[in-house]
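Inside the fold
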Amino acid sequence: MEVVMRGEAIEFGETGDDGSAPIVSDTRIANRTAGETDPKLLSPLQILRSRLHSIFIKACHKVGIKTHIGKKLATIEQGEGSVTATFVDGTTATGDLLIGADGMHSATRRRVFGENLTATFTGSMEHQINLKETEECAFYVDRDPSEDIAAVQVSTFGDKEEQDKSASYRPYTDLPKHAGRLADLLHEWGVAPHVEKMMRCAFRVSAASIYDLPDMETYHKGRVLLVGDAAHGMVPNAGIGLLTGLEDVGTLLALFKRYPQGQDWDKVLALYSKIRVPRGTGAANQARNIRTKTVATTPIFGGNLNHFVFRLVIHAANAGMFSLYSLFDCEVEVAKAIEDAK
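Residues numbered from 1 in each chain as written. Predicted model: local features only at pLDDT ≥ 70, side-chain atom pairs only at ≥ 80, totals over all residues. Heavy atoms only, no water.

With an unreviewed UniProt entry as reference, the chain is termed FAD/NAD(P)-binding domain-containing protein, source organism Rhizoclosmatium globosum. As stated in UniProt under Sequence similarities (unreviewed entry), the record for the chain gives "Belongs to the paxM FAD-dependent monooxygenase family." (UniProt positions renumbered as here; feature names shortened; annotations may be inferred.)

So this is what it looks like as structure tokens:
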């Protein structure tokens, strides 16, 4: 069982099957060890997915970028210096570039880079549990003080693949059925009674199938490029999927600042892949390694060797003995890549 608590100092926390032996990673220490010097940036930002989406949409409208919903990509055709996307409803859109930011199950990636590049279901489901504190179910978790709700995350394994891939999290409509099923499952695992009760007090349970995307050799082909999960979709165990996607965007921005003219954009795309493929592949492998250490079970002395080793690793990281990751400065990395290409 995995219970993940998102908070000021917590990147993730994992418990044993009895609800004990928590493993907690302090992201303030991890960020400081990685080289972050700004105190305001040491603690992770907490924000609802819906709120972040609203910020992005408002920013697009503010600068005059049109947004459309309900579109389904059919084909992509590339010409001399342009690319055209055709949608199922018959409409088209033509531009200088096409950026595929359409997630783990990217239609852009399959149409341009190959239908074989599909994400693989890992057999794991994540269930995000939203609940409010009550006298009957007391719990403690760092969270945004402006929110009166908290969320924990429970992972289950050996599940059947979800058929609906249109959303990353899908709230269950039959809450008593699914909350009760998960609570019963936790009871079977022998978790602490308060953890089981917490599940039964949930007012929302949202499920997500966990997928992993094969590593790609390039993130661009012609005038089409991929960013975010479309390029390097990974299991969520390292907690760096969104951050890796934001690095993609920052890198593109830095490159276009250096080469604003259309005749130089082939160079932009080549440098983008050169910079980002190693970083994206490294992040995905880090996530896979963490998943292997936390999911695989090796019984020893009645416990779990992987769980014990992982505890030692996180303890060492919290002590600042080594860094779990490295900071990525987009402007610096772009400058290095340009200099190396001379």
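Attention shifts here to helix H7 (residues 241–258). Its 18 residues place the ends of H7 26 Å apart at the C-alpha level, agreeing with the 26 Å of an ideal helix rising 1.5 Å per residue. Every buried residue of H7 is accounted for by Thr244, Gly245, Glu247, Asp248, Gly250, Thr251, Leu252, Ala254 and Leu255. (Helix = DSSP H or I, 4+ residues; strand = E, 2+ residues; numbered from the N terminus. Expected span 1.5 Å × (residues − 1). Buried < 20%, exposed > 50% of the residue type's maximum accessible area, 1.4 Å probe, protein only.)

Note that strand E4 (residues 73–79) and strand E5 (residues 82–87) share six bridges and pair antiparallel. Among the inter-strand pairings, Ile76 is bridged to a residue of E5, identified as Ala85. (Pairing = 2+ DSSP bridges.)

A cluster of nonpolar side chains, Leu45, Ile47, Ile55, Phe56, Leu242, Leu243 and Leu246, forms an exposed patch at the surface whose accessible area comes to about 700 Å². The set of elements that each furnish at least two residues to the nonpolar patch consists of helix H2 (49–62) and H7. For Ile47, a relative accessible area of 33% gives the class partly exposed. (Patch = residues over 30% accessible without salt bridge, like charges linked within 9 Å, V, L, I, M, F, W, Y side chains within 5 Å. Areas by Shrake-Rupley, 256 points an atom, 1.4 Å probe, with all protein chains shown as cover. Salt bridge = Lys/Arg side-chain N within 4 Å of Asp/Glu carboxyl O.)

Within the open sheet, the three strands sit side by side as E4-E5-E6. Their pairing is antiparallel. Edge positions in the open sheet fall to E4 and strand E6 (92–95), since each of these has one partner strand only. Looking at each pair of strands side by side, their axes are set apart by 15 degrees on average, direction ignored. (Axes fitted to C-alpha atoms, helices over the stretch in contact; angles between N-to-C directions.)

Moving on, we come to the confidence of the model for the chain. As a general rule, the predicted coordinates of low-pLDDT regions are not to be interpreted in detail. For the chain, the average pLDDT comes to 82, and 81% of its residues sit at 70 or higher. For the stretch residues 1–15, pLDDT sits under 50, and the model shows 78 contacts to residues farther than four places along the chain or on other chains. Within the model, the stretch residues 137–143 combines pLDDT values under 50 with 24 contacts to residues more than four positions away or in other chains. (pLDDT = per-residue confidence, 0-100. Contact = heavy atoms within 4.5 Å.)

Before going further, it helps to spend a moment on the environment of Lys197. Looking at the element boundaries, Lys197 is found in helix H5 (residues 193–200). Take Lys197: its relative accessible area is 40%, and that puts it in the partly exposed class. A C-alpha to C-alpha distance of 9.5 Å links Lys197 and His187, two positions ten residues apart in sequence.

Within the sequence span of helix H1 (residues 27–34), burial applies to Thr27, Ala30, Asn31 and Ala34. For H1, the arc enclosing every buried residue in end-on projection is 95 degrees, short of the 170-degree limit, so these residues lie on one face. Where H1 begins, one side-chain oxygen reaches toward the backbone nitrogen of Arg28, 3.0 Å away; that side chain belongs to Asp26. With its phi angle positive at about 115 degrees, Gly35 sits one or two positions after the end of H1. (Arc of directions from axis to C-beta. Polar contact = N/O pair within 3.5 Å; in protein donor to acceptor, adjacent residues only side chain to side chain.)

Now for the nonpolar core. In this structure, Ile76, Phe113, Val224 and Tyr272 are the most contacted members of the largest nonpolar core, which totals 34 residues. Looking at this core, the elements with two or more residues in it are E4, E5, helix H3 (107–113), strand E13 (224–226), helix H6 (229–232), H7, helix H8 (265–295) and helix H10 (330–341). Ranked by residue count, the leading element in this core is H8, at seven residues. Sequence-distant contacts of Val224, that is, excluding residues within four places in its chain, are made with Ile76, Gln78, Val83, Leu98, Thr108, Val112, Phe113 and Tyr219. (Core = buried A, V, L, I, M, F, W, Y, C linked by side-chain atoms within 4.5 Å.)

What follows concerns the packing of aromatic side chains. What the rule picks out here adds up to three aromatic pairs. With centroids separated by 6.4 Å and ring planes inclined at 55 degrees, the aromatic side chains of Tyr219 and Tyr272 adopt a geometry described as tilted. Note that Tyr219 is positioned in the loop between strand E11 (204–212) and strand E12 (220–221) and Tyr272 in helix H8, a separation of 53 residues in sequence. Note on Phe256 and Trp265: the rings are 5.5 Å apart at their centroids and 75 degrees apart in plane angle, and the pair reads as edge-to-face. The class for Phe256 is partly exposed, based on a relative accessible area of 23%. Note on Trp265: relative accessible area 15%, which makes it buried. (Phe/Tyr/Trp six-rings, centres within 6.5 Å; stacked < 30°, edge-to-face > 60°.)

Moving on to the sheet that holds strand E7 (residues 98–100). Strand order in the open sheet formed by three strands is E7-E13-E12, and the pairing between neighbours is mixed. Of all strands in the sheet, those bounded by a partner on one side alone are E7 and E12. One ladder, built from three bridges, connects E7 with E13; its direction is parallel. Looking at the pairing, Ile99 lines up with Leu225 of E13.

Before going further, it helps to spend a moment on the side chain of His232. Following the sequence through the fold, His232 ends up in helix H6. On the basis of relative accessible area, His232 is assigned to the buried category, the value being 4%. A distance of 2.6 Å separates the side chain of His232 from the side chain of Asp248, its partner in a polar contact. Each residue touching His232, except ones within four places of it in the same chain, is listed here: Leu213, Tyr219, Thr244, Gly245, Asp248 and Gly280.

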